[in-house]
Number of protein chains: 2
Amino acid sequence: MKLLHDKIMQEGKVLSSSVLKVDSFLNHQIDPLLMKEIGHEFANRFADQVITKILTIESSGIAPSVMLGLEIGAPVVFARKRKSLTLSDNLYTSKVHSFTKNETNDISVSRNFLSEDDNILIVDDFLANGEAVKGLLDIAAQAGAHVVGVGIVIEKGFQDGGKLLREQGVRVESLAIVDSLEDGKVTFATEARA
Amino acid sequence: MKLLHDKIMQEGKVLSSSVLKVDSFLNHQIDPLLMKEIGHEFANRFADQVITKILTIESSGIAPSVMLGLEIGAPVVFARKRKSLTLSDNLYTSKVHSFTKNETNDISVSRNFLSEDDNILIVDDFLANGEAVKGLLDIAAQAGAHVVGVGIVIEKGFQDGGKLLREQGVRVESLAIVDSLEDGKVTFATEARA
């Protein structure tokens, strides 16, 4: 997705050979127009699928998910990272380890909002080791729902989450795949692969 | 805002005389079309103001903020509730106590995204005791930014956050003001007050 590639080249900051900071437009400050275009691109890539619900995780997955939901007319459900006292015990839960934050969180979704009748598209901002997506797939499986695929804004192609998911037969569509952050420079995967 | 009032009456669940659960459309499952209408209504209410940045807090403030940002062409910045290792130390921070979750969080915003040149609209999903808004006002003050007002989706009029903010001269626009949750029933403030 050219607009996203351009934005990453202009504003992304390479903090190390594994950390790309995009907090000026995606996960701290948010560019709403870019989110709309990202939602539109996800809608195009999964246009062959019936999607009844978009499943994401707080917080940075919410903005692109809501724009996609507006375009295709589907509600968004975001998994919470900690239990809230106003959520009942009626939950699907899974565990997600964040290597960036070096902590494991319980994630949870109310049983009221996912069921075996749902065709779910999972959306998230980043795909690295695939921990968050695995947790969301687990929750979808607990609900007995069908997962049509996974939409990712930025995949770190040099980490193995995308490879593992695709090997399991999960359809993963990443709008930008970063192949390397070596020498302080962002290198994207070729379009053929992306 | 009639659409929002209707949605609260149809789907809101009164859990006690102080807790209204709206997790089917606002803070767990999200109705994207309603979020768009909410963003549109905020844009109308603050149409007399120049807004350079929308400031909210993760997670439930993000969806309405992004829809507003899309309409008025302004970026959204969401305060984080915990420090992330990929955020630098270059932060504005404040403390927010959540009575619902019975915990105090540090909230933080990167100094890169708020400055004295900004005209900020603060947006959040709920206003009860006003703790979150006070933390966001503190962060805006640290940045030396001008705050044009506060846009709230649902204000609990029977708690004192809205009153305290208005007494301080802060312009607060709430799209629904709930005056009472007694007897398991939602009663809205009169339109004149809302």
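Residues numbered from 1 in each chain as written. Chains lettered and ligands numbered in written order. Predicted model: local features only at pLDDT ≥ 70, side-chain atom pairs only at ≥ 80, totals over all residues. Heavy atoms only, no water.

Caption draft 1: Geometry of the environment of B:K134. By the element assignment, B:K134 lies in helix 4 (residues 131-143). Counting along the chain gives 31 residues from B:K134 to B:L165, while the straight-line C-alpha distance between them is 8.3 Å. (Helix = DSSP H or I, 4+ residues; strand = E, 2+ residues; numbered from the N terminus.)

Caption draft 2: Inspection of empty space enclosed by the protein at higher detail. Under the criterion given, the structure shown has one cavity of 30 Å³ or more. Counted as a void, the largest cavity has a volume near 200 Å³. Lining the largest cavity are A:E58, A:S59, A:R80, A:K81, A:R82, A:K101, B:E58, B:S59, B:R80, B:K81, B:R82 and B:K101. Per-class residue counts for the lining of the largest cavity are no nonpolar, two polar and 10 charged. (1 Å grid on protein atoms, 1.4 Å probe; cavity = no way out; pocket = protein on both sides within 12 Å on 5 of 7 lines; lining within 4 Å. Points joined across faces, edges and corners; volume = space filled by probe spheres on them. Nonpolar A, V, L, I, M, F, W, Y, C, P; charged D, E, K, R; others polar.)

Caption draft 3: A look at the UniProt feature "binding site: 5-phospho-alpha-D-ribose 1-diphosphate" (unreviewed entry) in chain A. Residue and element names in this part refer to chain A. Summarizing the sequence annotation, UniProt attributes the feature "binding site: 5-phospho-alpha-D-ribose 1-diphosphate" (unreviewed entry) to A128, N129, G130, E131 and A132 in the numbering used throughout. Structurally, A128 is set in the loop between strand 8 (119-127) and helix 4 (131-143). Assessed through its relative accessible area of 18%, A128 is described here as buried. The residues touching A128, leaving out its near neighbours within four places in the chain, are K156, Q159, D160, G161 and G162. (UniProt positions renumbered as here; feature names shortened; annotations may be inferred. Buried < 20%, exposed > 50% of the residue type's maximum accessible area, 1.4 Å probe, protein only. Contact = heavy atoms within 4.5 Å.)

Caption draft 4: Main features of helix 3 (residues 62-72) of chain B. Residues and elements named next belong to chain B. Most of helix 3 is tucked away: eight of the 11 residues are buried. Where helix 3 is concerned, the buried positions are I62, A63, P64, S65, V66, M67, L68 and G69. Trailing helix 3 by a residue or two, G73 shows a phi angle of about 75°, which is positive.

Caption draft 5: Looking closely at the sheet that holds strand 5 (residues 76-79) of chain A. As summarised here, the arrangement of the seven strands in space is 11(A)-10(A)-9(A)-8(A)-4(A)-5(A)-3(B), forming an open sheet in which the pairing is mixed. Each edge of the open sheet is held by one strand with a lone partner, namely strand 11 (187-188) of chain A together with strand 3 (29-30) of chain B. With eight bridges connecting them, strand 8 of chain A and strand 9 (residues 146-156) of chain A associate as parallel partners. Among the inter-strand pairings, A:I122 is bridged to a residue of strand 9 of chain A, identified as A:V150. Across the sheet, helix 2 (residues 32-45) of chain A touches strand 8, strand 9 and strand 10 (172-180) of chain A, and the angle it forms with strand 10 of chain A is around 115°. (Pairing = 2+ DSSP bridges. Axes fitted to C-alpha atoms, helices over the stretch in contact; angles between N-to-C directions.)

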